[in-house]
Amino acid sequence: MKTKFSAIVVALMAVGAVGTAFAASEADLERSFFPYKNGAPTFPGLTDGTVLTAKNVDQFKDTLDPAMYDMVKRGWTEMPIAKTTSFDMNKPYVEASRANMNKAKLGPKLGDIEGYVAGRPFLEEPSMNDPRAAEKIMWNYKYGVNWGDNGTISPFYWKYRNVMTGQVEKTLKVHFNFLNFTHRVEHEPKPNVPGNASNLFRAIYMTVESPPDLKNTQLLIQRYEDDSKKDDAYLYLGFQRRVRRLATGQVTDSFLGADLMIQDFEGYNDRLSAYTWKFLGAKTIMMPYYYHNNLQLATDMPAESDGYKFVEDRKSVV
């Protein structure tokens, strides 16, 4: 199956700038949040309008992650290159990072952090000489913006597609809600939601609206401020009319019959202390992004009540 991305931009591969033994400076903050301020990354022969194919991808192998390189090399996808785009962080989060610079420190054990208030905890570039650099990257990820202090995605269409034929076999219509209880930077109450007796950090709540066999299935995930404390997760199965608590190990099980796991939500949805981490180095690579307004509108999905229109999720040739 051959898939064509609608747009690709060059981006700096970084989950978030991380700290070393030295205190962060304003210059570190600028590099962390505005990496293209003094120019975008470049690579010989790679320009706006170049299309990476199976024939020329070896020339640009160093700009791709191994999985993306393999897909292009096999002819499964082609990559048109577009002008580098900067997805700037929202101003309140940047200002919170500035106001709380150098307050966060790693505790004695994996999963411990001290003095963190809000914003990005560690602003310096990662260092191979820092044995805990990977932990700092993951703390930056955990306390990143995600959907902000609170957010809703509705509707969220989740299509089950046969990887061999490309045929859509099932479509779920889902409603997502996200809420940060602590370290809030933009919306009141700030910085913490009052009455948080359980000392929760964040919650995700999901409801399935269709199809009929999964309608009213609901998932609630509660993550604690104490990273060493395991999440609480509850699943309500509409067709069974019962709630069951999910065991910790079930976050890596197939979710609702898909290849996706609960742990896959938002890239990585688990505690920092659930794994050990190692910093292997930094590299500038290309990241694929879609420009919504440049894509063909979907013909099989209705416009929303506010006028929002969905786009075709991909173009393919078998």
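Okay, so let's go over this structure. Each chain has its residues counted from 1, following the order in which its sequence is written. The predicted origin of the model limits local features to residues at a pLDDT of at least 70 and limits the giving and counting of side-chain atom pairs to 80 or more, whereas totals for whole chains, interfaces and linings rest on all residues. In computing side-chain values, all of the structure's heavy atoms are included and hydrogens and water are not.

1. Details of the sheet that holds strand β12 (residues 242-245)
Part 1 of the reasoning: A sheet is described by the order of its strands in space; here six strands give the open sequence β7-β8-β9-β10-β11-β12, paired in antiparallel fashion. Whereas interior strands pair on both sides, the edge strands pair on one side only; in this sheet they are β7 (150-161) and β12. Neighbour-to-neighbour, the strand axes of the sheet open up by a mean angle of 20 degrees, direction not taken into account.
Part 2 of the reasoning: Any two strands with at least two DSSP-identified bridges between them are counted as paired. Note on conventions: DSSP H or I runs of at least 4 residues are helices, E runs of at least 2 residues are strands, and numbering of each starts at the N terminus. Bridge analysis of strand β11 (residues 232-237) against β12 gives four bridges, and the strand direction is antiparallel. In the sheet register, L237 faces β12, and the bridge partner there is R242. For helices, the fitted line uses only the C-alpha atoms of the stretch in contact; every axis is such a line through C-alpha atoms, and the angle between N-to-C directions lies from 0 to 180 degrees.

2. Quick word on the packing of helix α1 (residues 26-33) against helix α3 (residues 91-99)
Part 1 of the reasoning: Axis separation between α1 and α3 bottoms out at 11 Å; the angle between their running directions is 155 degrees. One way to sum up the angle between α1 and α3 is to call them roughly antiparallel. As for how α1 packs across α3, the hand of that crossing is right-handed. From α1, E26, L29, E30 and F33 reach across to α3, where they touch Y93, V94, S97 and R98.
Part 2 of the reasoning: Here the contact of α1 with α3 is composed, by residue class, of four nonpolar, one polar and three charged. By definition in this entry, angles of less than 35 degrees are roughly parallel, angles greater than 145 are roughly antiparallel, angles of 65 to 115 are roughly perpendicular, and the rest are oblique. Crossings are assigned a handedness: left-handed for a near helix turned anticlockwise from the far helix by less than a right angle, right-handed for a clockwise turn. We call two residues contacting when some pair of their heavy atoms lies within 4.5 Å. Residue polarity is assigned by list, with Asp, Glu, Lys and Arg as charged and Ala, Val, Leu, Ile, Met, Phe, Trp, Tyr, Cys and Pro as nonpolar; anything else, Gly included, falls into the polar class.

3. So, empty space enclosed by the protein
Part 1 of the reasoning: Residues are called lining when one of their atoms sits within 4 Å of a cavity or pocket point, these points coming from a 1 Å grid over the protein atoms alone, where a cavity is a set in which a 1.4 Å probe fits but cannot get out and a pocket is an open set with protein on both sides within 12 Å along at least five of seven lines. Grid points are joined across faces, edges and corners, and a volume is the space filled by probe spheres set on the points. This structure, assessed with the given rule, holds five cavities of 30 Å³ or more.
Part 2 of the reasoning: Estimated volume of the largest cavity: approximately 160 Å³.
Part 3 of the reasoning: Y141, K142, R223, Y268 and D270 are, among the 14 residues lining the largest cavity, the residues nearest its centre.
Part 4 of the reasoning: Every element with two or more residues in the lining of the largest cavity is listed here: α4 (133-142) and β9 (200-210).
Part 5 of the reasoning: The element best represented in the lining of the largest cavity is α4, accounting for three residues.
Part 6 of the reasoning: When its residues are assigned to classes, the lining of the largest cavity shows six nonpolar, two polar and six charged.

4. So, α3
Part 1 of the reasoning: Each residue is placed in one exposure class: buried if its accessible area under a 1.4 Å probe, protein chains only, is under 20% of its type's maximum, exposed if it is over 50%, and partly exposed if it falls in between. Among all positions of α3, only Y93, V94, A96 and S97 are buried. Taken around the axis of α3, the buried residues stretch over an arc of 160 degrees, which confines them to a single face. Pointing more than 90 degrees away from the buried face of α3 are the exposed residues K91 and A99.
Part 2 of the reasoning: For α3, the elements touching its buried residues are α1 and α4.
Part 3 of the reasoning: Where α3 begins, the capping side chain belongs to N90, and its oxygen is found 2.9 Å from the backbone nitrogen of Y93. The directions considered for the arc are those from the helix axis to the C-beta atoms. Whenever two N or O atoms come within 3.5 Å, that pair is a polar contact, provided that in protein one can donate a hydrogen and the other can accept it, and provided that, for residues adjacent in sequence, both atoms are side-chain atoms.

5. Considerations on the packing of aromatic side chains
Part 1 of the reasoning: Any pair of Phe, Tyr and Trp rings, taking the six-membered ring for Trp, is counted once the centres come within 6.5 Å. Such a pair is stacked with planes under 30 degrees apart, edge-to-face with planes over 60 apart, and tilted for the rest. This model, assessed by the stated rule, comprises 17 aromatic pairs.
Part 2 of the reasoning: Ring centres of W139 and Y143 lie 5.5 Å apart, and the angle between their planes is 20 degrees; on these two criteria the pair is classed as stacked. For the pair formed by W139 and Y143, the shared burial category is buried.
Part 3 of the reasoning: Look at Y308 and F310: their rings are 5.3 Å apart centre to centre, the planes differ by 90 degrees, and that puts the pair in the edge-to-face class.

6. Some remarks on the environment of R202
Part 1 of the reasoning: Tracing the backbone shows R202 in strand β9.
Part 2 of the reasoning: When the C-alpha atoms of R202 and A104 are compared, they prove to be 19 Å apart, with 98 residues separating the residues in sequence.
Part 3 of the reasoning: If sequence neighbours within four positions are ignored, R202 has contacts with N146, W147, F178, L179, N180, F181, I221, Q222, R223 and E266.
Part 4 of the reasoning: Within the local environment of R202, its side chain forms a polar contact with the side chain of E266, the two groups lying 3.1 Å apart.

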